[in-house]
Amino acid sequence: MDDAALLDAVLLASRHAFVPMPDTRVIERAGWFQLITPSLPDGGLNEVALAVLAPHEVDTVAQQTIAEYRALGVRFRWTVGPDSAPDDLVTRLEAHGLEPEVVWAVARAIDPLQRNPSLRPGIELEPVDERNVVAFTEVMARGWGMSPAPMLAFNRKVLDSARERLPMVLARWHGEPAAAAGLVLSPGTAFFLGAVVLPEHRGRGLYRALVDSRLHEAAQRGCTLSAALAREATSHPILARLGFRDVGRLTMLTPPRP
């Protein structure tokens, strides 16, 4: 698969790597993909993931979209990739007060014989279920600076309706919840959701253990490709060291925090 095809696969996987809440609205049409979920006010399923706009309509659409999320009182992100338009969309969105961050679409082939990781002493990995979903949520919420209650409702929804499609993993360090990650499985492709390692537990091999564990899970499910959107300032250099390669550059824009 060449880089253009890989990029298409990563973008397609990222846009459909979600489990809807009861109030999620999916707005999908040619040149537009958007999620609106008022029950997740800190972010989550609130995103414009594709926008192909004529130059003359950018400002009107941007104003309307930002105003809608603001009226609902939710944070959102607007992701601009190589298939968005016009070419100056990022600059135009910045003019409306959104702040940009560079994100890389990355991919790695999955070895069908991918081994389960040999863990460093002190690390334990647990599949998330009803017994540890609260601990998993608390790690995720703290790591992302989000309120745990809406996130817990979402994670319970995943367990109720999509635990086979979206397996979640909790990592402990000597028994203490320390890191967490998710994985969305679709035919042939495993999309890595953002992993979190709490600050006091970094440098102990937890992030790598979560990557290796998810690669093994994906191999067991018959996936041949792993994909992620990696923030340039955080996960991107780590995934590069673990064999993921860049297939496209994106910009993720968000409103400034209060």
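Up top is the structure these notes are about.
Being a predicted model, the structure only gives us computed values, none of them experimental.

Undergrad: How should the layout of surface pockets be read in this particular structure?
TA: The gaps left among the atoms become clear once a water-sized probe is rolled over them. Volume-wise, the second largest pocket comes out at about 330 Å³. In this structure, the second largest pocket is lined by 19 residues; those nearest its centre are Pro127, Pro167, Met168, Val169 and Glu217. Within the residue set of the lining of the second largest pocket, elements represented by two or more residues are strand 6 (123-127), strand 7 (168-173) and helix 6 (206-220). Looking at which element gives the most residues to the lining of the second largest pocket, the answer is helix 6, with four residues. Of the residues that constitute the lining of the second largest pocket, the class distribution is 11 nonpolar, three polar and five charged.

Undergrad: Which parts of the structure should I look at to understand the sheet that holds strand 2 (residues 32-36)?
TA: Two modes of strand pairing occur in sheets, parallel and antiparallel, and in both the strands are linked by backbone hydrogen bonds. As summarised here, the arrangement of the 11 strands in space is 1-2-3-4-11-5-10-9-8-7-6, forming an open sheet in which the pairing is mixed. Looking along the sheet, the strands with just one partner apiece sit at the ends: strand 1 (25-29) and strand 6. Adjacent strand axes in the sheet meet at a mean angle of 20° when their direction is disregarded. Pairing of strand 7 with strand 8 (residues 176-186) involves six bridges; the strand directions are antiparallel. Residue pairing across strands places methionine 168 opposite glycine 182, the latter belonging to strand 8. Where helix 1 (residues 3-15) meets the sheet, its contacts fall on strand 2, strand 3 (47-51), strand 5 (99-109), strand 9 (189-197), strand 10 (225-231) and strand 11 (245-254), and the angle it forms with strand 11 comes to roughly 40°. Its contacts with the sheet place helix 4 (residues 133-144) against strand 7, strand 8, strand 9 and strand 10, and it is angled at close to 95° to strand 8.

Undergrad: Which parts of the structure should I look at to understand the nonpolar core?
TA: The nonpolar side chains of soluble globular proteins are, as a tendency, buried together. Counting residues in hydrophobic clusters, the biggest one holds 42 residues, and the most contacted among them are Leu45, Phe136, Phe154, Met168 and Val247. Here this core takes six residues from helix 4, the largest share from any one element. Setting aside chain neighbours within four positions, we find phenylalanine 136 in contact with Val128, Asn155, Met168, Val169, Leu170, Ala180 and Ala181. Ranked by size, the runner-up nonpolar core spans 31 residues in total, among them Val106, Ala181, Ala218 and Ala219.

Undergrad: So what exactly am I meant to see when it comes to the packing of aromatic side chains here?
TA: Any pair of aromatic rings gets described here by the distance separating the centres and the angle formed by the planes. Scanning the model with the defined rule gives four aromatic pairs in all. Seen from their ring centres, tyrosine 69 and phenylalanine 76 are 4.4 Å apart, and the 5° between their planes marks the pair as stacked. Among the residues examined, tyrosine 69 registers a relative accessible area of 1% and is labelled buried.

Undergrad: How do you make sense of the pairing of strand 11 when you look at a structure like this?
TA: Remark: a regular strand shows side chains that alternate across the two faces of the sheet. Relative to strand 11, strand 4 (residues 77-80) runs antiparallel, the two sharing three bridges. Bridging across to strand 11, tryptophan 78 finds its partner in leucine 253. Where strand 5 and strand 11 come together, nine bridges link them in antiparallel fashion. Residue alanine 107 lies in a different strand from strand 11, and its bridge partner there is arginine 245.

Quick notes on the rules
- Here, residues in each chain are numbered from 1, in the same order as that chain's written sequence.
- Under the rules for a predicted model, residues below a pLDDT of 70 receive no local features and side-chain atom pairs below 80 are neither given nor counted, while totals for whole chains, interfaces and linings still include all residues.
- For the side-chain quantities, the full set of heavy atoms in the structure was used; hydrogens and water were omitted.
- As defined here, a cavity is a set of points on a 1 Å grid over the protein atoms alone where a 1.4 Å probe fits but cannot get out. A pocket is an open set with protein on both sides within 12 Å along at least five of seven lines, and residues line them when an atom is within 4 Å of a point.
- Grid points are joined across faces, edges and corners, and a volume is the space filled by probe spheres set on the points.
- Helix numbering and strand numbering both begin at the N terminus, where a helix is a DSSP run of H or I of at least 4 residues and a strand a DSSP run of E of at least 2.
- We call Asp, Glu, Lys and Arg charged. Ala, Val, Leu, Ile, Met, Phe, Trp, Tyr, Cys and Pro are nonpolar, and the rest, Gly among them, are polar.
- When DSSP finds at least two bridges between two strands, those strands are taken to pair.
- Under this scheme, a helix contributes an axis fitted over its contacting stretch, all axes are lines through C-alpha atoms, and angles between N-to-C directions fall in the 0 to 180 degree range.
- Contact criterion: two residues are considered in contact whenever any of their non-hydrogen atoms come within 4.5 Å of each other.
- As used in this record, nonpolar core signifies buried Ala, Val, Leu, Ile, Met, Phe, Trp, Tyr and Cys residues forming a set joined through side-chain atoms within 4.5 Å.
- Exposure is judged per residue with a 1.4 Å probe applied to protein chains only, and the accessible area is read against the type maximum: over 50% gives exposed, under 20% gives buried, and values in between give partly exposed.
- Any two rings among Phe, Tyr and Trp, with Trp reduced to its six-membered ring, count as a pair given centres within 6.5 Å; such a pair is stacked if its planes are under 30 degrees apart, edge-to-face if over 60, and tilted if neither.

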